[in-house]
Every structure is written in structure tokens, then in C-alpha cells.
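# Structure assessment
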Amino acid sequence: MKPTGSVNVEIIATGDELLYGRILDTNSHWIAQRVAELGAKLRRVTMIGDEPEVIAAALHDALKRDAHFILFTGGLGPSEDDLTVESIGAALGRRTVIDSTGARKIREVYERRGVTEEAAFRRGERMARVLEGSEPLQNPVGFAVGMCVEEAGKRICTFPGVPSEMKGMFDAHVASMIQSRATSVFEARTYNVTMVWKDFFTVYNRMQADYPDVYIKNAATPPVEGEDRNKPHTIKVDLVLEGGTHEEAEEKMDALVGDYLRRIEAVGGGTMDLIHHS
């Protein structure tokens, strides 16, 4: 049994540019790391295009699963194909409205920049769309307003696709929501394990069997044959475990690493060098 977390999160990443391979979905990778730091677990990432019916269907499917938070990225811009808010509204039977605070900010910035055409304002106001009854999430970095809305005991939140804006809004608004519900935290470390190759998997497989509630995973390595199996090699190993508090999780991790090292010493020795800690 791997670490489960006390809060489940799903991501629905929207954007034709993702499906055509024009950009990488770095947002989901960042969110996965961030929610783990907060004691939550990312359960699923769904990548879809900008079609309203596909967005609505993806939300309907997510609402049937066990996520506490469903996070949308993308589709909050001023373009005609930025339809995430309307699509969520169609799925939930809610009307789209303009957030007055976000719209005022957009108008003020446009005016300072010398933009005075009403058509430009109307286009810009599309970035202030939210659903009626939702909680608007103001953008500390850019223009696009996000939102959180409750449905079936789950919280649906939207973020712009621009990574800097998504990160700023997540930390300003949603991180505290997730953390307040979490009753456990994750401790993650990555080590370079250096030891004789032929002994590595004996120890590694035994660790996995003896610690079923810990994520223990080695990086993919090419096969080693012949005399090279009797020589030391370095293999990256990820360790992730769960604790009630940060202090408890760190103590459990220290004990785990200590046991791993003792087992390595028992088969001839080696080292574990920490290369990443979160």
C-alpha cells in the first residue's frame, strides 16, 4: 500500500495547444509536487482540448470519483475559444457572470496603458468570467480571474494556463484550502545508491516487501552483464512516505534510510547520497 494522503486532487488540463504538442503541461507537474507538500495526493490528470462538451463531460466524470478538489488549468483568457468557465457552468447548470473586482482591475490597467475602446474592454472582461454563486479568485500576477465552486461535496477551482499566474493564484488561494483539510503530510527524498550491482536488487526488493506503505522506486537502469555485475554502480532511488506531522514524517524517513543503509552494509557496503528532499 503506497502513501495515500488525506486529500485527493484531480487536474483537468485544457487547451488544444497541449493536445497538439505545442507546449508542455508543466502546470500539472508543479501542482503534483505542490499538493504533495500540503499532504494531498494527485489522483489523476486529464488532458483535453477546448471543446465545451468535452470539458463538461470531463467534469461530470471527475465528480463521480473520489477527488476532494478538481483543479482546471487553462481556458480563462479573452479569446473566443477560452470556454472553461462556460463549460463548467453548462455541466453544473450555473450562469456565467462577470466578477466586478476583476473587471475593474482590467479596465484600470487598460486605461493606464492608453486603451480606451469599449470593444477592447469587453474583450478584456472575458478574463473576469466566473459562475454565479462561486468564490472568485483574484489573480496576483495577471488579469484572468479564477473561481472555486462547491458541487456534490467537492471543490472545483479554475486557474489560467500561464504557469506564473497559475502558481501565484494556487498559493494565494487554494493551497490553504487543501492544507486545512489535510490530516497527514508527505516526506519525499531521492538518493543516489552506490553499491555492487548484483546485490542492489536483493536489498531493494526486500525493502519494498518490508515497507509496503512506502513508495520505493528505482530509476530505470540499463541491464548489467558479466563482470560488471560485481562492480559498484550508482542507481537513483525515490522514497516517499506519509506521517501525521512533518516531524513524524521526517523521523520515519530517517529510520527508513537508516535501515536501508544497514542492509546495504550487510551485503558488502555502499553509500546513499541525498540528491533531493521535499
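Since the structure is predicted, the reported quantities are computational estimates derived from the model, not experimental observations. (Residues numbered from 1 in each chain as written. Predicted model: local features only at pLDDT ≥ 70, side-chain atom pairs only at ≥ 80, totals over all residues. Heavy atoms only, no water.)

### Description of the pairing of strand S11 (residues 232–243)
The pairing of strand S9 (residues 185–196) with S11 spans 12 bridges and is classified as antiparallel. The residue bridging Ala188 from the neighbouring strand is Val240, located in S11. Inspection of the sheet shows strand S10 (residues 215–218) paired to S11 by four bridges, in the antiparallel sense. When the bridges of S11 are listed, Lys217 appears paired with Asp238. (Pairing = 2+ DSSP bridges. Helix = DSSP H or I, 4+ residues; strand = E, 2+ residues; numbered from the N terminus.)

### A few points about the pattern of salt bridges
The final tally for this structure, using the stated rule, is 16 salt bridges. For the salt bridge of Arg263 with Asp210, the shortest nitrogen-to-oxygen distance reads 2.8 Å. Placement of Arg263 in helix H9 (residues 246–266) and of Asp210 in helix H8 (residues 197–210) is noted, with a sequence separation of 53 residues between them. On the basis of relative accessible area, Asp210 is assigned to the partly exposed category, the value being 35%. (Salt bridge = Lys/Arg side-chain N within 4 Å of Asp/Glu carboxyl O. Buried < 20%, exposed > 50% of the residue type's maximum accessible area, 1.4 Å probe, protein only.)

### Observations regarding the packing of H8 against H9
H9 packs onto H8 with a crossing angle of 145° between their chain directions and a minimal axis gap of 10 Å. Crossing of H8 against H9: the hand is right-handed. Here H8 contributes Phe200, Val203, Tyr204, Arg206, Met207 and Asp210 to the contact with H9, which in turn contributes Leu256, Asp259, Tyr260, Arg263 and Ile264. By residue class, the composition of the contact of H8 with H9 is seven nonpolar, no polar and four charged. (Axes fitted to C-alpha atoms, helices over the stretch in contact; angles between N-to-C directions. Left-handed = near helix turned anticlockwise from the far one by under 90°. Contact = heavy atoms within 4.5 Å. Nonpolar A, V, L, I, M, F, W, Y, C, P; charged D, E, K, R; others polar.)

### With respect to the environment of Leu83
Here Leu83 is to be found in the loop between strand S3 (69–73) and helix H4 (84–92). Between the alpha carbons of Leu83 and Glu51 there is a distance of 7.8 Å; along the sequence they are 32 residues apart. With residues near it in sequence (within four places) discarded, Leu83 still touches Asp50, Pro52, Gly75, Arg126 and Arg129.

### Structural notes on the environment of Thr221
On the secondary structure map, Thr221 appears in the loop between S10 and S11. By relative accessible area, Thr221 is classed as partly exposed at 30%. For the pair Thr221 and Thr234, spaced 13 residues apart in the sequence, the C-alpha separation amounts to 9.7 Å.

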